[in-house]
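Close look at the chain arrangement
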Amino acid sequence: MRLLVTGGAGYIGSQVVLDLLQAGHDVVVVDDFSTGHREALARVQALAGRTCTVFGGDVVDRDLLFGALRGVDAVFHLAAFKMVGDSMDRPERYFRNNVGGMAALLHTMQEAGVHRIVYSSSAAVYGAQRQMPIQEDAPLRPESPYGLSKAQGEQMLEWMVQRRKWSAVSLRYFNPVGAHPSGSIGQPFESAASLVPRVLMALTDANARLAIFGTDYDTPDGTCLRDYIHVCDLSRAHLVALRALDEPAHHIFNVGTGRPHSVREVLAACARATGRDVPFDEGPRRAGDIASAVADPGRFQRTMGFESHLGLDEMVSSAWRWWTLNPRGYEDRERLPELALPELADPSRSLAPAF
Ligand SMILES: NC(=O)c1ccc[n+]([C@@H]2O[C@H](COP(=O)([O-])OP(=O)(O)OC[C@H]3O[C@@H](n4cnc5c(N)ncnc54)[C@H](O)[C@@H]3O)[C@@H](O)[C@H]2O)c1
């Protein structure tokens, strides 16, 4: 198939592009490199031994996107901003990029006659839930502009399916962690606000100490429980979701492991992976944190046969390998063989009567 990945130069997108290339698909990427890296795509191409077509630009650029959609069978829409805290400070950026970007994408896809999409949604659509593990039919209570933007993307898809007979899958990611086992693609830590990168950063800075926010939660060891999923498992979920795009329907799936880990368990896994003890301070609870957020992964498993394979130790050790090979993220080019950055496609040349 010919598949378009928006946000393909990002943390999760680059892993998805790699898996799609390795599965034999033709891949087109649209990315404005606002948080992604051309270097990530250079490394993906080297790992896959194949190239993808890269359009450098914003998904709201109708002409660029229309050109990129030429001959495409389905779209993976990952391009978005993702920082919950930042969205609380600057909600308008999330409404413009995530909601506005989605609206523009749907419009251009409809124009181009491409009606199949896998959408990167998030556990942030749930907010605080009483019932654990969380099932997909739980009421949505997003507690941040980011979570709201993701929920609105799902709602737009619902209407495209109902009124335009599209096929859509919304994947609600829980907490992606880890890196490709080679250590050559992963998450640049400057853009990571989640626990594992924070712990690993604390381990490499002699003056840093990790703060544990709250040790009196109603959980087995008093710290918060979260559902972490290895980025390679998460990426594989996209290939599985592709198989659900053969009928007009909107499938919504949690993508987590269903196996929660506490903050203390994560610290212990980081100590095992690195051979170093993590310096930490126990502090009070942080406003807005909830005790537990765990996926019920059953629907995806029953409907599509998806299962995660990799555990917390693999997540942490792969993140550590990536971090030690690339302490400055994709700026550390000198550590790896020099790779040619991908050529950017010229949209004006692919605009010719495509459909
Ligand atoms: N990483 C997580 O913890 C997490 C959790 C749940 C859901 N998600 C979702 O997964 C998706 C990918 O997340 P990620 O962690 O890879 O983030 P990322 O920031 O690493 O990647 C996002 C990519 O999209 C690109 N992009 C952003 N806006 C764009 C636009 N308007 N046009 C073109 N390109 C644009 C960026 O340059 C970047 O390459 C996002 O939709 C995010 O909301 C991520």
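See above for the structure.
Here we come to the packing of helix H1 (residues 11–22) against helix H8 (residues 231–242). Following both chains from N to C, one finds H1 and H8 inclined at 60°, their axes separated by 9 Å at the closest point. Taken together, the axis directions place H1 and H8 in an arrangement best described as oblique. Relative to H8, the crossing made by H1 is right-handed. Taken together, the residues of H8 that come into contact with H1 (itself represented by Tyr 11, Ile 12, Gln 15, Val 16, Asp 19 and Leu 20) are Val 231, Cys 232, Leu 234, Ser 235, Arg 236, His 238 and Leu 239. Split into classes, the residues belonging to the contact of H1 with H8 amount to eight nonpolar, three polar and two charged.

Around the ligand, the surrounding shell holds 27 residues, and the nearest of these are Asp 31, Thr 35, Asn 97, Tyr 146 and Lys 150. Take Phe 33: an N or O atom from its main chain is 3.4 Å from an oxygen atom of the ligand. One nitrogen or oxygen atom from the main chain of Val 59 is found 3.1 Å from a nitrogen atom belonging to the ligand. Contact with the protein chains removes 94% of the 830 Å² of surface that the ligand exposes when unbound. Listing elements by their share of the shell around the ligand, those giving two or more residues are H1, strand E5 (116–122) and helix H6 (145–164). No other element matches the three residues that E5 contributes to the shell around the ligand. For the shell around the ligand, the per-class residue count stands at twelve nonpolar, ten polar and five charged.

Relative to the helices and strands, Leu 20 is located in helix H1. You can call Leu 20 buried: its relative accessible area is 0%. Placed 19 residues apart in sequence, Leu 20 and Met 1 show a C-alpha to C-alpha distance of 9.4 Å. Residues contacting Leu 20, with those up to four places away along its chain left out, are Leu 3, Val 5, His 25, Val 27, Phe 76 and Leu 239.

Turning our eyes to something else, we now look at the pattern of salt bridges. Tallied over the full model, the rule gives 15 salt bridges. As a salt-bridge pair, Asp 86 and Arg 93 come within 3.0 Å of each other at their nearest N and O atoms. Residue Arg 286 is joined to Asp 289 by a salt bridge in which the shortest nitrogen-to-oxygen separation is 3.0 Å. Given a relative accessible area of 40%, Arg 286 falls into the partly exposed group.

This brings us to the sheet that holds strand E4 (residues 74–77). Each strand in a sheet pairs with another by means of backbone hydrogen bonds, the pair being arranged parallel or else antiparallel. Judged by pairing direction, the sheet is parallel, and its seven strands sit side by side in the order E3-E2-E1-E4-E5-E6-E10 without closing on themselves. Only two strands of the sheet have a single neighbouring strand rather than two, namely strand E3 (53–56) and strand E10 (250–255). Neighbour-to-neighbour, the strand axes of the sheet open up by a mean angle of 20°, direction not taken into account. The strands touched by H6 are E5, strand E6 (167–173) and E10; relative to E5, the strand with the most contacts, the crossing angle is about 155°.

The rules behind each value
- Residues numbered from 1 in each chain as written.
- Predicted model: local features only at pLDDT ≥ 70, side-chain atom pairs only at ≥ 80, totals over all residues.
- Heavy atoms only, no water.
- Axes fitted to C-alpha atoms, helices over the stretch in contact; angles between N-to-C directions.
- Helix = DSSP H or I, 4+ residues; strand = E, 2+ residues; numbered from the N terminus.
- Parallel < 35°, antiparallel > 145°, perpendicular 65-115°, else oblique.
- Left-handed = near helix turned anticlockwise from the far one by under 90°.
- Contact = heavy atoms within 4.5 Å.
- Nonpolar A, V, L, I, M, F, W, Y, C, P; charged D, E, K, R; others polar.
- Near = heavy atom within 4 Å.
- Polar contact = N/O pair within 3.5 Å; in protein donor to acceptor, adjacent residues only side chain to side chain.
- Areas by Shrake-Rupley, 256 points an atom, 1.4 Å probe, with all protein chains shown as cover.
- Buried < 20%, exposed > 50% of the residue type's maximum accessible area, 1.4 Å probe, protein only.
- Salt bridge = Lys/Arg side-chain N within 4 Å of Asp/Glu carboxyl O.
- Pairing = 2+ DSSP bridges.

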